[in-house]
Amino acid sequence: MKYLIALLLGLFVGAAVFAAGLIYNPFLVDRGLSPLSVTDSEVISLNFSSVPSDAIVFTNDGESRVEPFPEKVLQLWEPSIRLTSATATVMRDARSRTAGIGIKFSSRSERTRLLRGEAIVDSVWYVYRPGRGSLFIEQSENYWTFLREVGLPAYRSSANNWKGTWIGDLTVGPGALGTAAVTGGAGPLQGLKMQGLESLTTTAYSIDDGPVAAEGRLLIEMPGAVEDFEDEMSRE
Amino acid sequence: MLKTFIVGIVLGVAGAAAALYLYPAVDQHREASIVSVAANGGNIESFHVNVPMDRILVGAPDRKQPLPAGMEWPDDPLFQDIRVELFKIRNARDTVVGVAARTVAEDASVDVIDWVLHLPARGSIFVNMQPEPQEGGFRVGDLRAGSREFVLRDGSMTERWVPDTSGEEDAPQGRIELVTTLVGGQEAL
């Protein structure tokens, strides 16, 4: 009997050691420098609030921690879309002026590999900027670092929340440099292929409510041909 | 007993690693695709939106009854000529398979009608529609981009409003029919 207890205790300790090793694995670290921060091309910045209640509409399966907003929005409870969320939000430029509207669809990805520190979300953005046309942004995001550095400390906190400053890039693909694929729709960007990156700045997070104070940012590297147009529009 | 405890630790580490490796952290539900082959090549797939029950959002200025209730459309002149709708989309078996966004905007230089279809287990497509409807009351648009399953596809999509004529009490007002015709594109060298 005592051998069985020792074995069970060992199994429990082993699983706990593994979990701790996974969470605090020093080899699974953030990439650091954004590939778009060293580009020579012009980069446009679109900012948005990542707090669901700041959005025009946010919806998910209705059973997740983060509740849909507004309360009576249709929920995505059907099996095919149960792991998906949809957001419509106002996008602002670098000077905090309203720049357009953004719609984001995010789905938890089957390419998630926690062993490799990959908590992957497949997402697409549709951004419409009046007078400047539309953009379609396709990306894979990795939330592992965010979960480890914000979600876990919030979970371990007695108040179930976290406060601090977390800044990180979420985009990890499909571009070879870990960038998102951006395609221009209507307007002057029509048909153009670009690169993009989504990053997140969080200062408060609650286990019960999700992000409490968080700002997202989309960076899009403009091709040279449209830089002049963007400059002209910015001056207007 | 110490040896048993150590063996337990090793087995615990190995078991946790094996469980994490073998058990999928995310398992998306898949509906079988209902695809037919076009006479001149390509795959035809049909989706639809039942109106009004599949509408998630109707965002437009000056709407008397916002959808969803309680939604506040931004009161900014920039959004004056934009109408954004979010829907659930269904396959030919009337099963929900994804979500979609339709954006209509009247711009000084160009009219915009864009669709984004997001099928969580498969990928997404972005279609830019021609503003003028064709004969027969449908619009045609080109696939501008796709993700995952659709990343190397070319093709087009049509949209058409089909009013309900069944007369049933709980029937939708009608449906937006979306038909995609996609062919395999070429990978960039």
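Residues numbered from 1 in each chain as written. Chains lettered and ligands numbered in written order. Predicted model: local features only at pLDDT ≥ 70, side-chain atom pairs only at ≥ 80, totals over all residues.

1. Thoughts on helix 2 (residues 144–156) of chain A
- In helix 2 of chain A, a bend of some 25° at Val150 of chain A exceeds every other bend along the element, and Pro153 of chain A, a proline, comes one to four places later.
- Of all the residues in helix 2 of chain A, the buried ones are Trp144, Phe146, Val150 and Ala154 of chain A. (Bend = angle between axes of the 7 residues up to and from the residue. Helix = DSSP H or I, 4+ residues; strand = E, 2+ residues; numbered from the N terminus. Buried ≥ 20, exposed ≤ 12 C-beta atoms within 10 Å, placed from the backbone.)

2. Brief notes about the confidence of the model for chain A
- Model confidence for chain A is summarised by a mean pLDDT of 89, while 93% of its residues fall at 70 or above.
- Of all helices and strands in chain A, the one with the weakest mean pLDDT is helix 3 (residues 224–235) of chain A (58), whereas strand 3 (residues 84–92) of chain A scores best (97). (pLDDT = per-residue confidence, 0-100.)

3. Section: unusual backbone geometry
- For the bond running from Gly173 of chain A to Pro174 of chain A, omega is 10°, close enough to zero to count as cis.
- In this model, Leu67 of chain B is joined to Pro68 of chain B through a cis peptide bond whose omega is 0°.
- Tracing the chain through its elements places Pro68 of chain B in the loop between strand 3 (55–59) and strand 4 (82–90).
- One non-glycine residue, Ser96 of chain A, lies in the positive phi region at around 65°.
- As for its placement among the helices and strands, Ser96 of chain A is situated in the loop between strand 3 and strand 4 (98–108).
- Non-glycine residue Asp94 of chain B carries a positive phi angle of around 70°.
- Looking at the secondary structure, you find Asp94 of chain B in the loop between strand 4 and strand 5 (96–106).

4. Quick look at the nonpolar core
- Of all hydrophobic cores here, the largest spans 74 residues; its most connected members are Val57, Ala88, Tyr126 and Ile137 of chain A together with Leu86, Val99 and Val116 of chain B.
- For this core, the leading source of residues is strand 5 of chain B, giving six residues.
- Setting aside residues no more than four positions away along its own chain, Tyr126 of chain A makes contact with Ile103, Ser134 and Phe136 of chain A together with Ala101, Thr103, Asp114 and Val116 of chain B.
- With six residues, the next largest nonpolar core counts Leu11, Ala15 and Phe18 of chain A together with Ile9 of chain B among its residues. (Core = buried A, V, L, I, M, F, W, Y, C linked by C-beta atoms within 7 Å. Contact = placed C-beta atoms within 7 Å.)

5. Points about the interface of chain B and chain A
- The interface of chain B with chain A comprises 62 residues on the first partner and 58 residues on the second.
- Put simply, the parts of the chain that give the side of chain B that touches chain A at least two residues each are helix 1 (2–22), strand 3, strand 4, strand 5, strand 6 (111–119), strand 7 (123–129) and strand 8 (138–146) of chain B.
- The greatest single-element share of the side of chain B that touches chain A, amounting to 15 residues, is contributed by helix 1 of chain B.
- Along the lines of polarity and charge, the residues of the side of chain B that touches chain A split into 40 nonpolar, 14 polar and eight charged. (Nonpolar A, V, L, I, M, F, W, Y, C, P; charged D, E, K, R; others polar.)

6. Details of the environment of Arg160 of chain B
Residue and element names in this part refer to chain B.
- Looking at the element boundaries, Arg160 is found in strand 9 (residues 153–163).
- Measuring from C-alpha to C-alpha, the distance between Arg160 and Val116 comes to 16 Å, with 44 residues separating the pair along the chain.
- For Arg160, the contacting residues outside a window of four places in its chain are Gly137, Phe138 and Glu177.

7. Description of the environment of Gly123 of chain B
All names here are of chain B.
- If you trace the backbone, Gly123 turns up in strand 7.
- With 20 C-beta atoms counted inside 10 Å, the residue Gly123 sits in the buried group.
- Considered as a pair, Gly123 and Val151 are 28 residues apart in the sequence and their alpha carbons are 8.2 Å apart.
- Once you skip the residues sitting within four places of it in the chain, Gly123 turns out to touch Gly146, Ser147, Arg148, Glu149, Phe150 and Val151.

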